[in-house]
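Observations on the model geometry
So the chains spell out like this:
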Amino acid sequence: MKHITKTQPSKIQGIVKEFPTLFDQAFSIDCGDGWAELVRLVCKYFQMNVDGKQEVKEIKFSQIKEKFGFLRVYFNISFHKDTKDTQNTYERMHMFIFAIENISGLVCETCGIMKTAKKNVQIRTPGSFWKKTMCDKCFEKAEKAYKKRMKD
Ligand SMILES: [Zn+2]
């Protein structure tokens with residue numbers, strides 16, 4: 001997967017251009033295309049807060065990545081002035097991110113479908129210690145590719 005994203009811009013990386021005010025231009029979204037809709041949802045929510053709330057000055061993502069099979073989103077937010085409202089806005093955003101991060105544990109990072117009930121925990125990628133959220137189909141594909149690599 002990694003070498004493919006280097007030669008050809010992945011679907012998820014295109015989100016950086018869709019929301020130019022939320023990202024620095026060289027920003028790299030470090031997770032699989034399967035989570036594109038989850039990341040897009042976070043972007044839409046953030047954009048809504050920048051556009052609709054006068055107290056929000058700027059929101060920038062600092063990191064979006066996969067960790068232990070879950071999506072992780074880090075961001076910086078600045079306000080025009082510090083009030084009780086700004087604290088509430090900040091907390092709401094964190095709660096939103098928290099929910100999306102938890103949902104990512106149910107969505108295949110590779111193809112974006114909801115995981116089947118058969119495997120209901122984050123699974124280890126074949127041939128590594130890394131935990132990933134994958135559907136059965138993508139797991140079997142990864143397993144086959146790993147076995148083929150071992151034979152060659
Ligand atoms: Zn899948």
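Above this text sits the structure in question.
Residues numbered from 1 in each chain as written. Predicted model: local features only at pLDDT ≥ 70, side-chain atom pairs only at ≥ 80, totals over all residues.

1. Digging into the pairing of strand β1 (residues 56–67)
The cut-off we apply is this: For two strands to pair, DSSP has to find at least two bridges joining them. A run of H or I in DSSP counts as a helix once it spans at least four residues, and a run of E counts as a strand once it spans at least two, with each numbered from the N terminus.
Bridging between β1 and strand β2 (residues 70–79) involves ten bridges; their strand directions are antiparallel. Each residue of the ladder has a partner; that of Glu-58, found in β2, is Ser-78. Between the end of β1 and the start of β2, which pair antiparallel, lie two residues, with Phe-68 showing a positive phi angle near 50°.

2. Some words on the nonpolar core
Nonpolar side chains tend toward joint burial in soluble globular proteins. Inclusion rule: We call a set of buried Ala, Val, Leu, Ile, Met, Phe, Trp, Tyr and Cys residues a nonpolar core when their C-beta atoms link them within 7 Å. Our exposure labels follow a C-beta count within 10 Å of each residue's own C-beta, placed from the backbone: buried means 20 or more other C-beta atoms, exposed means 12 or fewer, and partly exposed covers the counts in between. Residues are defined as contacting one another if the C-beta atoms placed from their backbone atoms lie within 7 Å.
Core analysis: the biggest nonpolar cluster contains 22 residues, and Ile-29, Trp-35 and Val-39 have the highest contact counts within it. Mapped by element, the contributors of at least two residues to this core are α2 (15–18), α3 (36–52), β1, β2 and α5 (136–151). Considering every element that reaches this core, the biggest residue donor is α3, with five residues. Not counting residues up to four positions away in its chain, the partners in contact with Val-39 are Ile-12, Ile-15, Ile-29 and Ile-64.

3. Let's talk about the environment of Leu-71
As for its placement among the helices and strands, Leu-71 is situated in strand β2. Its 24 C-beta neighbours within 10 Å are what place Leu-71 among the buried residues. In sequence terms Leu-71 and Glu-109 are 38 residues apart; their C-alpha atoms lie 8.8 Å from each other.

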